[in-house]
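Summary of structural features
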Amino acid sequence: FATPAAPAPADAESLRAAAQVLEGADRVTLLVGQGARHARAEVLELAERLQAPMVVSLQAKEGFDHDNPYEVGQSGLIGNPGTAEALSACDVLFMIGTDFPYREFLPDSAVVIQLDSRVEHIGRRTQVAHPLVGDSRATLAALLPQLTGRESSAHLDAARSTYETWAKGQA
């Protein structure tokens, strides 16, 4: 029997291009799906480095909704004002392991980076400027060293504040 191959990251040139976009962005929002659940540590490190609010899909909720200072809840039909703010105010949307089906909730003017292991999911719901085809953990592990990080947390703080105010009103 052959040993299964290790999960592969996206190709190096695509990673370099995505890193340049992320480094040059003012407001990045992460949209995280079930294809990233095995990459929780890498996704959290990415959110920290980019000071990015994290919108989670329903299928990723279980893996990302606890002990996560970047999460702003879910979007789509069961969304909230925090996710709406995070998505509408971003200049870069980084979709990780998701083929989010609710196009009407995605930003119109953001540059989109989409990371998915299934090439047929890239660009299926929205126009993608920077496709990354590969395993989410392996790809983020290769991407993170290319990012210097961001000091300003204004975008994250605004989305989290809106989310927390909304969440208190739900209790």
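First things first, this report covers the structure right here in the doc. (Residues numbered from 1 in each chain as written. Predicted model: local features only at pLDDT ≥ 70, side-chain atom pairs only at ≥ 80, totals over all residues. Heavy atoms only, no water.)

**Some remarks on the pattern of salt bridges**
Inspection of the entire model under this criterion finds 7 salt bridges. For Asp99, the salt bridge identified is with Arg124, shortest N-O distance 2.2 Å. Taken together, the residues Asp99 in the loop between β3 (92-96) and β4 (111-116) and Arg124 in the loop between β4 and β5 (130-133) connect sequence positions 25 residues apart. A residue is classified by how much of its surface remains accessible, and Asp99, at 12% relative accessible area, is buried. Within this structure, Asp99, Arg124 and Arg125 form a network of salt bridges that share partners. (Salt bridge = Lys/Arg side-chain N within 4 Å of Asp/Glu carboxyl O. Helix = DSSP H or I, 4+ residues; strand = E, 2+ residues; numbered from the N terminus. Buried < 20%, exposed > 50% of the residue type's maximum accessible area, 1.4 Å probe, protein only.)

**Here's the deal with helix α4 (residues 81-88)**
Residues of α4 that are buried: Gly82, Thr83, Ala86 and Leu87. Projection of α4 onto a plane perpendicular to its axis shows the buried side chains occupying an angular sector of 125 degrees, all on one side. Next to the buried residues of α4 lie β1 (28-32), β2 (54-56), β3 and α6 (154-170). One side-chain oxygen at the N-terminal end of α4 lies 2.6 Å from the backbone nitrogen of Gly82; it belongs to Asn80. (Arc of directions from axis to C-beta. Contact = heavy atoms within 4.5 Å. Polar contact = N/O pair within 3.5 Å; in protein donor to acceptor, adjacent residues only side chain to side chain.)

**A closer look at a nonpolar patch on the surface**
A cluster of nonpolar residues, Leu58, Leu77, Ile78 and Tyr102, forms a patch on the protein surface that exposes about 430 Å² of accessible area. In this fold, Leu77 is placed in the loop between α3 (61-64) and α4. Since its relative accessible area comes to 64%, Leu77 is described here as exposed. (Patch = residues over 30% accessible without salt bridge, like charges linked within 9 Å, V, L, I, M, F, W, Y side chains within 5 Å. Areas by Shrake-Rupley, 256 points an atom, 1.4 Å probe, with all protein chains shown as cover.)

**Describing α6**
If you check α6, its first and last C-alpha atoms are 24 Å apart, about what 17 residues at 1.5 Å a residue would give, namely 24 Å. Listed as buried for α6 are His155, Leu156, Ala159, Arg160 and Tyr163. Projected onto a plane normal to the axis of α6, the buried residues spread over an arc of 110 degrees and lie on a single side. The exposed residues of α6 that point more than 90 degrees off its buried face are Ala154, Thr165, Lys168 and Gly169. (Expected span 1.5 Å × (residues − 1).)

**Quick look at the packing of aromatic side chains**
Per the stated rule, a full pass over the model turns up 3 aromatic pairs. Taking 6.3 Å as the distance between ring centres and 80 degrees as the angle between the ring planes, the aromatic pair formed by Tyr102 and Phe105 counts as edge-to-face. By relative accessible area, Tyr102 is classed as partly exposed at 30%. Clustering of aromatic rings is evident, with ring pairs tying together Phe100, Tyr102 and Phe105. (Phe/Tyr/Trp six-rings, centres within 6.5 Å; stacked < 30°, edge-to-face > 60°.)

**A look at the sheet that holds β5**
Here we have 5 strands laid out as an open sheet, ordered β2-β1-β3-β4-β5, and parallel in their pairing. Looking at strand neighbours, the two that pair on one side only are β2 and β5, the edges of this open sheet. Strand-to-strand twist across the sheet, computed as the mean angle between neighbouring axes with direction ignored, equals 15 degrees. In this structure, β4 lies alongside β5, joined through 4 bridges in parallel fashion. Along β5, the bridge assignment pairs Gln114 with Pro131. Strand contacts of helix α2 (residues 40-50): β1, β2 and β3, with the helix running at about 165 degrees to β1, the strand carrying the most contacts. (Pairing = 2+ DSSP bridges. Axes fitted to C-alpha atoms, helices over the stretch in contact; angles between N-to-C directions.)

**Some words on the packing of helix α1 (residues 12-24) against helix α5 (residues 136-143)**
Two quantities define a packed helix pair, namely the angle between the axes and the distance from one axis to the other. Where α1 contacts α5, the two axes come as close as 10 Å, and the packing angle between them is 65 degrees. Classified by chirality, the crossing of α5 by α1 is right-handed. Contacts between α1 and α5 involve Leu15, Ala19 and Leu22 on the former and, on the latter, Thr139, Ala142 and Leu143. Class assignment for the residues of the contact of α1 with α5 results in 5 nonpolar, 1 polar and no charged. (Left-handed = near helix turned anticlockwise from the far one by under 90°. Nonpolar A, V, L, I, M, F, W, Y, C, P; charged D, E, K, R; others polar.)

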